[in-house]
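Overview (structure and organization)
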Amino acid sequence: NVTANNYSGIEFSFSSNNNIRENDITDNLFGVAFWDSSNNIVCHNNFVNNTFQFYVENSVNVWDDGYPSGGNYWSNYTGLDLFSGSDQNITGSDGLGDESYFIDDNNQDNYPFTAPINVFDAGIWNDISCRVHVVSNSTVSSFELDKTWGRVCFNVTGKTGVWFCRVTIPEVIVQDLWHRNYTVLVDGESVEFRNWTDDVNTYVYFMYQHSEYKVCLLYTSPSPRDRTR
């Protein structure tokens, strides 16, 4: 958490090949500043209410992790989320803005999140420390990963309306817990969801009405027909 500095939250001068990930950068004069500092990666951070979200001088950096992993949350981003896909041209939301977040001609976040990202410790899997990300315009709390019952659960709270979650789960967890057969329950009721995968993670996007719910992702047994394939 980098909060309320009267100059830069994070600052680099003549520094390259750094990773800036999973930070809350809030209420600073500059969220992040780069002077003559290129080839850095800035992604999966929350930039919230900084007077200036960034400062870039003589620097070219990477501001997202590609699709579907995504970039950063910027509290002053005003783009819509009506489409999905690497070109953002497939009908249906995915939790990523349809337009890039422009920084300058050489720097942009191509896949900005449309809500803050929450990062939760998911323990050690195959000797690797894993985390689950939940991007949501709800307040997310009470995260739980239960290996015994094979489920990932958390609470969502918010005002009346239509809201969303975008859950990123490491593939090792998806395989070990669910063998890739899973469903999404909101207060015990199954909801429709969209999903994407890459070599590292599974991404699950779903919508719901508010006010306060418990969300669970859990194993779904394949049908007898599926098991014979």
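The structure under discussion appears in the preceding block.
A brief report on the enclosed structure follows. Worth saying up front: this structure is predicted, and the values here are computed from it rather than measured.

Definitions and limits used
Residues numbered from 1 in each chain as written. Predicted model: local features only at pLDDT ≥ 70, side-chain atom pairs only at ≥ 80, totals over all residues. Heavy atoms only, no water. Core = buried A, V, L, I, M, F, W, Y, C linked by side-chain atoms within 4.5 Å. Buried < 20%, exposed > 50% of the residue type's maximum accessible area, 1.4 Å probe, protein only. Contact = heavy atoms within 4.5 Å. 1 Å grid on protein atoms, 1.4 Å probe; cavity = no way out; pocket = protein on both sides within 12 Å on 5 of 7 lines; lining within 4 Å. Points joined across faces, edges and corners; volume = space filled by probe spheres on them. Helix = DSSP H or I, 4+ residues; strand = E, 2+ residues; numbered from the N terminus. Nonpolar A, V, L, I, M, F, W, Y, C, P; charged D, E, K, R; others polar. Disulfide = S-S within 2.5 Å. Pairing = 2+ DSSP bridges. Salt bridge = Lys/Arg side-chain N within 4 Å of Asp/Glu carboxyl O.

Ranked by size, the top nonpolar core spans 28 residues in total, and within it Phe154 and Phe206 carry the most contacts. If near-sequence neighbours (up to four positions away) are discounted, Phe154 is found in contact with Val134, Val140, Ser141, Ser142, Phe143, Cys165, Val167, Phe206, Tyr213, Lys214, Val215 and Leu217. If you look at the next biggest cluster of nonpolar residues, it comprises 15 residues, including Phe12, Phe34, Val42 and Tyr101.

One way to see where empty space is left: roll a probe the size of a water molecule over the atoms. What the rule picks out here adds up to 1 cavity of 30 Å³ or more. Approximately 30 Å³ is the volume attributed to the largest cavity. Taken together, His44, Ser69, Phe113, Ile117, His133, Val135, Arg166 and Thr168 make up the full set of residues lining the largest cavity. Counting only elements with at least two residues in the lining of the largest cavity, the list comes to β15 (128–136) and β18 (162–170). Looking at the lining of the largest cavity, its residues break down into 3 nonpolar, 4 polar and 1 charged.

Once that is clear, we can look at the environment of Val204. Residue placement: Val204 occurs in strand β22 (residues 201–209). Val204 sits 20 residues away from Val184 along the chain, and the two C-alpha atoms are 8.9 Å apart.

Let us look at the state of the cysteines. The final tally for this structure, using the stated rule, is 1 disulfide. A disulfide bridge connects Cys153 with Cys216, and the sulfur atoms are separated by 2.1 Å. Between Cys153 and Cys216, the S-S torsion sits near 110°, and that sign places the bridge as right-handed. On the criterion of sequence distance, the pair formed by Cys153 in strand β17 (residues 151–157) and Cys216 in strand β23 (residues 212–219) is long-range, its members being 63 residues apart. A single burial state applies to Cys153 and to Cys216, both of which are buried. No disulfide involves Cys43; its nearest neighbouring cysteine sulfur is the one of Cys130, lying 16 Å away. Left unpaired, Cys165 is separated from the closest cysteine sulfur, that of Cys216, by 12 Å. In this structure Cys165 comes out as buried when scored by relative accessible area, which is 0%.

A separate point is the pairing of β18. Most of β18 is tucked away, with 8 of its 9 residues classed as buried. Direction of pairing for β18 relative to β22: antiparallel, over a ladder of 9 bridges. The residue of β22 that forms the bridge with Ile169 is Thr202.

Here the focus is the layout of surface pockets. Taken as a whole, the largest pocket spans an internal volume of roughly 400 Å³. Looking at the largest pocket, it is lined by 18 residues, and the ones nearest its centre are Arg131, His133, Pro170, Val200 and Asn201. When residues of the lining of the largest pocket are traced back to their parent elements, those giving at least two are β15, β18, α1 (171–178) and β22. In terms of residues, the lining of the largest pocket owes the most to one element, β15, which gives 5 residues. Classifying every residue of the lining of the largest pocket by side-chain character gives 6 nonpolar, 6 polar and 6 charged.

Quick look at the pattern of salt bridges now. Enumeration over the complete set of coordinates arrives at 2 salt bridges. Where Arg131 meets Glu22, a salt bridge forms, and the shortest distance between an N and an O atom there is 2.7 Å. One end of the pair, Arg131, is in strand β15; the other, Glu22, is in the loop between β3 (19–21) and β4 (24–26), and 109 residues separate them in sequence. Overall, the relative accessible area of 38% leaves Arg131 in the partly exposed class. Judged by relative accessible area, which is 29%, Glu22 ranks as partly exposed. Notably, a salt bridge pairs Glu171 with Arg180, separated by 2.7 Å at the nearest N-O pair. The buried category is assigned to Glu171, whose relative accessible area is 14%. Judged by relative accessible area, which is 30%, Arg180 ranks as partly exposed.

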